Amino acid sequence: GKETESGCGERLRCWDERVDFQAAFLQTLAKYVPNIYSAEMDPLLEKQEEMAQIKIFDPLEWYLFREDPDVCLEKLRQCGASQLCGKVFKGGETTYSCRDCAIDPTCVLCMDCFQNSIHKNHRYKMHTSTGGGFCDCGDTEAWKTGPLCTNHEPGAANYFHFLFAHLIKYWLLPIREKTDHYYCVLFNDEHHSYDHVIYSLQRALGCELGEAQLHTTAIDKEGRRAVKEGPYVSCQETKEEIKRHSENVSQRPLHVEVLHADVMAHQKFALRLGSWLNKLMSYSSDFRQIFCQICLKEEADSEKPCLISMLMLWDAKLHKGARKILHELIFSSFFMEMEYKKLFAIEFVKYYKPLQKEYISDDHDRSISVTALSVQMFTVPTLARHLIEEQNVITVITETLLEVLPEYLDNNDKFNFQGYSQDKLGRVYAVICDLKYILITKPTVWTDRLRVRFLEGFRSFLRILTCMQGMEEIQRQIGQHIEVDPDWEAAIAIQMQLKNILLMFQEWCACDEDLLLEAYKECHAAVMRCSTSSQSREKTVLQLCGHTLESKRYRVSVDPVSIHLPLSRTLAGLHVRLSKTGAISRLQEFVPSEQFQVELLMEYPLRCLVLVAQVAAEMWRRNGLSLISQVFYYHDVKCREEMYDKDIIMLQIGASFMDPNLFLLLILQRYELVNAFKKIVPTKDQDLTKQYNILIEEMLQVLIYVVGERYMPGVSSVTKEEITMREIIHLLCIEPMAHSAIAKSLPENENNETGLEKVINKVAVFKKPGVSGHGVYELKDECMKEFNMFFYHYTKTQHSKAEHTQKKRRKQENRDEALPPPPPPEFSPAFSNVVKVLNCDIMMYILRTILQRAVQLETHLWTEAMIQMVLHLLCLGLLEEKQQLEKAPEEEVTFDFYHKASRMGSSALNALNILMLLEKLKSVPQLEAQKDMINWILQMFDTVKRLREKSSLVATAATTSGSETTKGDESTQDKEKAERKRKAEAARLHRQKIMAQMSALQRNFIETHKLLYENTQETQGREDSVMEEESIPLAIDSSKIALGPKRGPSITEKEVLTCILCQEEQEVRLESAAMVLSACVQKSTALTQHRGKTLELSGGRYLSSAKNISCSCSLLRTHFSDVLQPVLCHSEMPMVHMIPLTLRATGVRQPWCYHPQPFRS
């Protein structure tokens, strides 16, 4: 005590007597520091601490306080604590974040503050700190409520302060080396493992395992360690040995330096001085303010940065222990005073680029880098707004990204991450995170300067997206399998990092209408620049159903294609926000219609969807696993919001602006399915057939999503809560799920929230766990009706499982197994034209073609999944028309899906409309599972028909209101009669047209096959002879004759057929009007036992040579006579047989032997 105070007094008098305090202070340090910290190889830490306290810090504290330091510091403590906690977290320490009150997930509390705050009774998350952050207790901008715990409630102002300028300058002074006393110092890095360092030290130093382990542990903890002491030459040799033993092909050598003993001693004392200052900052606000003022002061007439900026720029050169001290000092001083935190942030942004470049080339974790302090500044709302307005921080960050990634740009200025460094890109992600931090809180008030600065930053960000648009293009491998899978992880990882940032940019733009329109204009221009630069000049013309499409020549299966389209998807996001806010009405002011070019806008997202379809069809299997992995993440919950979902939206934008027929023609062309629908080409190549079928299924699925997926704010009037509820409903339709399983399947927002807790209780009930297992949520019964079998976030496995689960449930409830979609919400006005895709000519042609193939049982050209999708599209069309008819009278409803589906697809003799095809589908054995669905659709057709008739009746009644009831009824009946007469006349004209076309086709057929007609002998006979007898015994037991005078016995059975032309039903009986089949029969040896011979058997004969038998259709004899009159008048008639269907009532089922009877009227 007395000796210590005496020693202090001597040094105080020495410092007081001298005018130059700094010189006296430095002399004291030069005298004591080298002696105190001399034993660096085997330091006695407690002794060093005691000596430093007695010789240096005690006198210094007495000099500052002019009284007992303990007494003075206690006075300061009692005068009032800081409102900010500022506790710096160590690695592994527990932190708490309130999910109800935190502004963003980066706002955390230490354990003491949390336990003494209101947040302990709220929903909260616990985290393990990686080190480097600090407690936000007391920061009013970090919490919505309860910013202070009971320990940091406001008190009186502090009253005492001193200057620290001389102490801080000591850190920057050079040290003179006087003696040949050096240390070989090994530094920590994040590249070498413990074992590698231990091995290198053993080999280089020749030491034991225990000593090497001791050195390695100290290096990891403190950041450096002296491993050799001696003269310079000896230490230099040791340095080279360590480098030689630690270097190999895949790793750089360890970082080793030779330092003078005095330099080591003063560096160690500088760290101790930093800890002392750090402790002192916690006592007084005046201490902190003075310290901050000195650190921010710039020298007059000097270009050197201020002291704190110099310390930041040196951060990457400091070892781990020194960095920690510096960061703690910044936390305890600048970040505890809001005004100086703002000034520090300005300095940080001023040197942001060099700081980030240093960090990217550094070998230490981000947690011990000064760049990690960005989260403490950029997430403070007022500070973030100030940095955007005054320092243009968004532009600074985006330009930094472009400057640190130039090595990954190819010749087209697109990113290509082949052969990338995982460590370097991991550090680049930190810059992307800073962009997220600065945008995490949207501004409530927009100033002109803020709007201008944000647009500058947005334009700069679009330059990054331009480099990503179409990056890493791939081309389909044909023939040889790809030798090496390309690197794909980096591009997908950057997409994941940018997902929330893209959403936040869009949300910021949506806050202000003028800003949104300007941003849309800039983004549209960027997309058009990218699209026009890579467009082919060749054009193709496609014609189908009377519609013509002219487009650029391109094939996904041949030409390069990319899955990375952030520009197009950002434009889609801005478009739905234009729709949501109503600003889309002003779009032409910023993007004139002639410049909009919607075909170009949707081209690249469409190509991406086609690529996914072709991958599903296994057309890209020679491209390896990398493409399969990219397609997986394209649909995955981590990426789909800004990839897959936005591509669907862009197709909806295309459908809303384009003619629906041209829209579908473009889709058919890009899916390379034009030939598959234009003509039926039977192929023996099963793989090719399978590819076509899968591509058709994938295309139909996308069309279902385009017209049916409307749960997006802006596409329809739905909220985010409704979207989340729908996601949960469809997850629970698969099976009951635990809370964690549901949360993992939902996308997270910028605050890492899914919105699950807000809505889960509205749609599900929690089932508590039993003896073993875990609790699960089960869907409420009233929510089952919201199930959509073709929910666009289902994987194929989830789709199958959900369908099976729902059908099983309905079966248990003794209900039919039909699973129609729920009525979708109405499209917003900007997207109202999308529904026209459902009832356009090309859509009807597609649906009819697929149904016809199923009816005709051409098994290689259709699948059950295809039919399911067609039925789903029919449901959507009928539901849409039903909803419109229920809201408005018939004359105002232009959506006429019912009439289009009831119309004949062509003028062919055997043409059927969709209703007829559905009736026939019910008898297809392979579609037994779809029978309930078909019945539901037919009932819905009737419902829509009744609604239209009812609407017409209501309209008629409204116009004749005031008349007598009987007169009204008569008027209604007259109207119905007139309508029936009109329809009958239309049907007659339609039949007449069909017959004329058939006659023309037959004449053309005769002229084409004239030679065949001349070489074929005509067989004469009489029509009536075919029906003379019901039953005649056979002459030969071994065979039976089906037709002719000698036909075999028959079994009478009732059969009713429909005429293909007039649709009249006719029972097949002898006394009824004749029904006939037409068939062009030529010689065949398919089933004969006597090839090449002609056997006469009781008036019948066997065929002896090969050709063909055509398919046939049933129709009334009168129609048949009229249609075939030109053929029958021909002199040389081939074996064209008109077989009376009345004979089918005889039950003869052996058509191999026949009696040729040409039918003549």
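The protein chain appears in an unreviewed UniProt entry as E3 ubiquitin-protein ligase from Chelonoidis abingdonii. According to its UniProt record, the protein chain has this under Subcellular location (unreviewed entry): "Cytoplasm, Cytosol". Per UniProt, the protein chain carries the Pathway (unreviewed entry) text "Protein modification; protein ubiquitination."

Along the polypeptide, T379 turns up in the loop between α16 (374–378) and α17 (381–391). Looking at T379, the relative accessible area reads 9%, which means it is buried. Within polar-contact distance, the side chain of T379 engages the backbone oxygen of V375 at 2.5 Å. When sequence neighbours within four positions are dropped, the list of residues in contact with T379 reads D104, T106 and Y437.

So, about the confidence of the model for the protein chain. In regions of low pLDDT, the predicted coordinates are not meant to be interpreted in detail. Across the protein chain, the average pLDDT comes to 81, with 78% of residues at 70 or higher. The least confident element of the protein chain, judged by mean pLDDT, is strand β14 (residues 1100–1101) at 45; the most confident is helix α28 (residues 644–657) at 96. Segment residues 1015–1039 is flagged for pLDDT under 50; beyond a separation of four residues in sequence, or across chains, it makes 54 contacts in the model. Note that residues 1097–1109 has pLDDT below 50 and, in this model, 44 contacts with residues that lie over four places away or in other chains.

Before going further, it helps to examine the pattern of salt bridges. A side chain with one charge may pair with a side chain of the opposite charge, provided their charged atoms come close. A full pass over the atoms with the stated rule returns 51 salt bridges. A salt bridge links R99 to E753; the shortest N-O distance between them is 3.0 Å. Of this pair, R99 sits in the loop between β1 (94–98) and α5 (111–115) while E753 sits in the loop between α33 (739–744) and α34 (756–763), and the two are 654 residues apart along the sequence. Across the pair R577 and E507 runs a salt bridge, and its minimum N-O distance is 2.9 Å. In this pair, R577 is assigned in helix α23 (residues 566–581) and E507 in helix α21 (residues 489–510), connecting sequence segments 70 residues apart.

Turning next to the pairing of strand β6 (residues 539–544). Alternating residues of β6 divide into T540, L542 and L544, all buried, and K539, V541 and Q543, none buried. Summarising the sheet, β6 and strand β7 (residues 547–552) pair through 6 bridges and their orientation is antiparallel. Following the sheet pairing, Q543 is matched in β7 by T548. Two successive antiparallel strands, β6 and β7, enclose a turn made up of 2 residues, where C545 displays a positive phi of approximately 55°.

Rules of the game
Residues numbered from 1 in each chain as written. Predicted model: local features only at pLDDT ≥ 70, side-chain atom pairs only at ≥ 80, totals over all residues. Heavy atoms only, no water. UniProt positions renumbered as here; feature names shortened; annotations may be inferred. Helix = DSSP H or I, 4+ residues; strand = E, 2+ residues; numbered from the N terminus. Buried < 20%, exposed > 50% of the residue type's maximum accessible area, 1.4 Å probe, protein only. Polar contact = N/O pair within 3.5 Å; in protein donor to acceptor, adjacent residues only side chain to side chain. Contact = heavy atoms within 4.5 Å. pLDDT = per-residue confidence, 0-100. Salt bridge = Lys/Arg side-chain N within 4 Å of Asp/Glu carboxyl O. Pairing = 2+ DSSP bridges.

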